[in-house]
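# Observations on the three-dimensional arrangement
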Amino acid sequence: MEAITRDFFLFLSKNNLLNNIAKKSGGNFAAGKIIGGTDFQSSIKFIKQLNNSGLSVTVDHLGEFVDSKEVTQERTAECIETIEMISREKLDSQVSLKMTSLGLDIDHKLVIENMTKILDTAEKHKVMVTIDMEDEVRCQATIDIFRQFKEKYSCISTVLQAYLFRTEKDLEDLGQYKPFLRLVKGAYKESPEVAFPEKNDVDENYKKLIKQSLLNGNYTAIASHDDKIIEYTKELAKKYDIPNTQFEFQMLYGMRNKTQYELVKQGYKMRVYVPYGLDWYGYFMRRLAERPSNIAFAFKGMVRS
C-alpha cells in the first residue's frame, strides 16, 4: 500500500495540467502553511515568526530542471538577492538550491559561473548555501560540483540520500572535506538497481549513515519526520558523547510543528525547510510521496489558522 501511495503522488507531481493550475492559483492559500510565499519577500514575515520561536530556517526557491540559460541567470540573481536580504534582515536562515535550476542540464560552465556568483555573495555575508541532491542520474555531477567549490568556499554544504546504494561510499569519500551534510531518505522514484526498494532497508541505511557521519566528526543535519530516526540520533549522541552543537534536526515547514518546538525546548537545534515560489505543486506532491504519514501532517498544516 505504501508503494502504491508513493507512486500515486509521484505521478501527480509530474502532471503538467495540475501544476499549471497550481501556478495560476498563485499559491496564496498555501502561503504561511506549506510554503513561505510566492517570493522571498513575502516569506520574510513567516521566517521571522519561526526565528522568534527559536527555530532556524533554510529557504528554497522552488523550481528545477531549468532548460533556459536566461532562466538560470534569473534564478542566480534571485538567489543573490535572497542572501543579501537574509543578511540585511538579520534572519537566522540558510539557502538551499538545486543545480538543475542553475543550468546543470544545459552546460557545465554555466552552472559553475552561476554558482560562483552565489557563493561569492554567501561568503561575504556568511550565509550557508546547501546544494540539494536530485535524482540518481545527477548525483555524481552534483557531488563533483560540491567538491570543486568546497576547496575554495566555506559556506557550502550538500545532501546525501539514504535510499541510494552508493551513498555510504560517497559519505566516506567526502570525509576529507569535513563537510556540513544534510542526510535525507530520498524523494525520487529510482530503479531497484541503484536504490533500496524496501522502506526498512532505507531506514537501516539511514541510521548507518547518521552514525558514520557523526562519528567522522561532520556537522550533520538529520532531515526526517520519523520519530524512530529522531530518537535513534538522540541515543547515538548520548552513547558517543556527541555534542548537540555537532548536529541539527530538520523538518518541512507546516509539518510536525509541535515536534519542532519540543525539540527546541529539549535543547536541540531545529531547522525548518521553508520553500517559496510558484512551483510549489510538484514539491508538495513529492513530500506526500516520501512517507504516508506526511499526508496527515500536511493537511493539518493546510487547515491551521
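Everything here concerns the structure above.
Here the structure is a predicted model, which means the values were calculated and not measured.

Calculation rules
Within any chain, residue numbers begin from 1 and follow the written order of that chain's sequence. It should be noted that, the model being predicted, local features are given only for residues of pLDDT at least 70 and side-chain atom pairs only at 80 or more, the latter also being counted only at that level, while totals for whole chains, interfaces and linings use all residues. Hydrogens and waters are ignored; side-chain quantities use all the structure's heavy atoms. A fitted line through C-alpha atoms serves as each axis, taken over the contacting stretch for helices, and the angle formed by two N-to-C directions is quoted from 0 to 180°. Numbering of helices and strands starts at the N terminus; helices are DSSP runs of H or I of at least 4 residues and strands are runs of E of at least 2. Any angle between 65 and 115 degrees counts as roughly perpendicular, while under 35 counts as roughly parallel, over 145 as roughly antiparallel, and the rest as oblique. Should any heavy atoms of two residues lie within 4.5 Å, those residues are considered in contact. Under the grouping applied here, Gly and all other residues not named as nonpolar or charged are polar, the nonpolar ones being Ala, Val, Leu, Ile, Met, Phe, Trp, Tyr, Cys and Pro and the charged ones Asp, Glu, Lys and Arg. Under the pairing criterion, centres of Phe, Tyr and Trp rings, with the six-membered ring standing for Trp, must be within 6.5 Å; the plane angle then separates stacked pairs below 30 degrees from edge-to-face pairs above 60, leaving the rest tilted. For each residue, the accessible area found with a 1.4 Å probe, counting protein chains only, is set against the maximum for its type, and the residue is called buried under 20%, exposed over 50%, and partly exposed in between. Two strands are counted as paired when DSSP detects at least two bridges linking them. Seen with the strands pointing away from the viewer, any crossover whose path from the first strand over the helix to the second strand runs clockwise is right-handed.

Direction vectors running N to C along helix H6 (residues 139-150) and helix H7 (residues 167-174) enclose 10°, while the axes themselves pass 12 Å from each other. Considered as vectors, H6 and H7 are oriented roughly parallel to each other. Taking contact as the criterion, the partners of Cys139, Ile143, Phe146 and Arg147 in H6 are, on H7, Asp170, Asp173 and Leu174. Class assignment for the residues of the contact of H6 with H7 results in four nonpolar, no polar and three charged.

Right, let's talk about the packing of aromatic side chains for a bit. One pass over the full model with this rule turns up seven aromatic pairs. Residues Phe247 and Tyr268 carry aromatic rings whose centres are separated by 6.0 Å and whose planes lie at 45° to one another, so their mutual orientation is tilted. Of the two residues, Phe247 sits in strand S7 (residues 247-252) while Tyr268 sits in the loop between helix H10 (257-265) and strand S8 (270-276), which places them 21 residues apart along the sequence. On the basis of relative accessible area, Tyr268 is assigned to the buried category, the value being 12%. By the ring-pair criterion, three or more aromatic residues cluster together here, those being Phe247, Phe249 and Tyr268.

Glancing now at the pairing of S8. Most of S8 is tucked away: seven of the seven residues are buried. Taking every second residue as pointing to the same face, both faces of S8 are buried, with Met270, Val272, Val274 and Tyr276 on one and Arg271, Tyr273 and Pro275 on the other. Bridge count between strand S1 (residues 56-61) and S8: six bridges; the pairing is parallel. The partner of Thr58 across the bridge, within S8, is Tyr273. With H10 bridging S7 and the parallel S8, this β-α-β connection has right-handed handedness.

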